[in-house]
Amino acid sequence: MNLNDLSRISHNVLLAQFGSVVSREREAIVEVIGYISAIRSRKIYALEGFASAFQFLRERYGYSGGAAYRRIQASKVFDLFPEVSHFLCEGKLNLVSLSLIEPHLTKEKGEEIIQEVMGKNKEEIEYLINQKFGKVEKSKDKIRRLPVIESIERKKPELSLQESDTSIASPLDMHKNN
């Protein structure tokens, strides 16, 4: 559909079509999470020359840091509890809720926590986590820097200035001299 045509359709048709688009978006997110889970488990990101799945998603696929983080956290939940895919499709859970609870999930208590957060917003989940675990999850995404692993050593050119040089030419000055 041409998005310019949306202003020409009735409210009822617009809302019906929007509901369909939202459903397809949720299904696509579940599919993306499944792929990320497989990529992580097989460490395909490393085979492709990336130090982490986070770096892989950011640099290869252009995800923002927060978007990459939430999808990776959701894939970790999916690894332990594949049934979350149904809850994501139904809109009972979302990427934010999964990324908030992932650090607290265990095989034993995970299903209980998942049930408790269904349908709750971010602030309610943060409050629940504080009550259950005695700590508040920050509302900022947790992104940590990983060491850079380079397979090829890159030699940096050595620059030296003569002792008599007191200024450094700008690229514009060097262009004028040529």
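Here, the structure is the one placed above.
Residue numbers run consecutively from 1 along every chain, following the written order of its sequence. Where local features are concerned, this predicted model is filtered to residues with pLDDT of at least 70; where side-chain atom pairs are given and counted, the filter is 80 or more; whole-chain, interface and lining totals use all residues. As a rule here, side-chain values come from all non-hydrogen atoms in the structure, and water together with hydrogens is ignored.

### Digging into the packing of aromatic side chains
Alright, step 1. Aromatic rings from Phe, Tyr and Trp, with only the six-membered ring used for Trp, were paired whenever their centres fell within 6.5 Å, and each pair was classed as stacked if the ring planes differed by under 30 degrees, edge-to-face if by over 60, and tilted otherwise. Taken as a whole, this structure holds two aromatic pairs when the rule is applied.
Alright, step 2. Consider the rings of Phe-50 and Phe-56, whose centres lie 5.4 Å apart with planes at 75 degrees: the pair is edge-to-face.
Alright, step 3. When its relative accessible area of 3% is taken as the criterion, Phe-56 is described as buried.
Alright, step 4. Geometrically, the ring pair formed by Phe-56 and Tyr-61 is edge-to-face, given 5.4 Å between the ring centres and 75 degrees between the ring planes.
Alright, step 5. Every member of this aromatic cluster is reached through a ring pair, and the members are Phe-50, Phe-56 and Tyr-61.
Alright, step 6. Positioned over the ring face of Phe-81 is Lys-107, at 5.2 Å from the centre of the ring. Categorising residues by exposure relies on relative accessible area from a 1.4 Å probe, with only protein chains included: less than 20% of the type maximum marks a residue as buried, more than 50% marks it as exposed, and the intermediate range marks it as partly exposed. For a lysine, the NZ atom is tested; for an arginine, the CZ atom; a charge sits over a ring if that atom is within 6 Å of the ring centre and within 35 degrees of the ring normal.

### Quick look at the pattern of salt bridges
Oppositely charged side chains can form a pair if their charged atoms are brought close together.
Alright, step 1. Salt bridges are identified by distance alone: a Lys or Arg side-chain nitrogen within 4 Å of an Asp or Glu carboxyl oxygen. A full pass over the atoms with the stated rule returns six salt bridges.
Alright, step 2. Residues Arg-8 and Asp-5 are paired through a salt bridge, measuring 2.7 Å at the closest nitrogen-oxygen approach.
Alright, step 3. A residue is classified by how much of its surface remains accessible, and Asp-5, at 27% relative accessible area, is partly exposed.
Alright, step 4. When salt bridges that share partners are traced, they join Glu-112, Glu-116 and Lys-132 into one network.

### Considering the packing of helix 1 (residues 11-41) against helix 4 (residues 65-80)
Alright, step 1. To get an axis, fit a line to the C-alpha atoms, keeping to the stretch in contact for a helix; angles then go from 0 to 180 degrees between the N-to-C directions. Strands are runs of DSSP state E lasting at least two residues, helices are runs of H or I lasting at least four, and both sets are numbered from the N terminus onward. In contact at an axis separation of 8 Å, helix 1 and helix 4 are set at 80 degrees when each is read in the N-to-C sense. Taken together, the axis directions place helix 1 and helix 4 in an arrangement best described as roughly perpendicular. Facing Val-32, Ile-33, Gly-34, Ile-36, Ser-37 and Arg-40 of helix 1, the residues of helix 4 in contact are Arg-71, Ile-72, Ala-74, Ser-75, Lys-76, Phe-78 and Asp-79.
Alright, step 2. Counted by class, the contact of helix 1 with helix 4 contains six nonpolar, three polar and four charged residues. Each angle receives one of four descriptions, namely roughly parallel if under 35 degrees, roughly antiparallel if over 145, roughly perpendicular if within 65 to 115, and oblique otherwise. Contacts are residue-level and defined by heavy atoms, with any inter-residue pair within 4.5 Å sufficient. Classes in brief: Ala, Val, Leu, Ile, Met, Phe, Trp, Tyr, Cys and Pro nonpolar; Asp, Glu, Lys and Arg charged; the others, Gly included, polar.

### Comments concerning the nonpolar core
Alright, step 1. By convention a nonpolar core is built from buried Ala, Val, Leu, Ile, Met, Phe, Trp, Tyr and Cys residues, the set being connected through side-chain atoms within 4.5 Å. Grouped together as the largest cluster of nonpolar side chains are 21 residues, with contacts concentrated most on Val-84, Leu-93, Leu-98, Ile-101, Leu-105, Ile-114 and Val-117.
Alright, step 2. Broken down by secondary-structure element, the contributors of at least two residues to this core are helix 1, helix 4, helix 5 (84-90), helix 6 (95-101), helix 7 (110-117) and helix 8 (122-133).
Alright, step 3. Considering every element that reaches this core, the biggest residue donor is helix 6, with four residues.
Alright, step 4. Contact partners of Val-84, with chain neighbours within four places excluded, come to Val-77, Phe-78, Leu-93, Leu-98 and Ile-114.
Alright, step 5. Counting residues in hydrophobic clusters, the runner-up holds eleven residues, among them Ile-39, Ala-68, Tyr-69 and Ile-72.

Distances and angles like these do not, on their own, reveal function.
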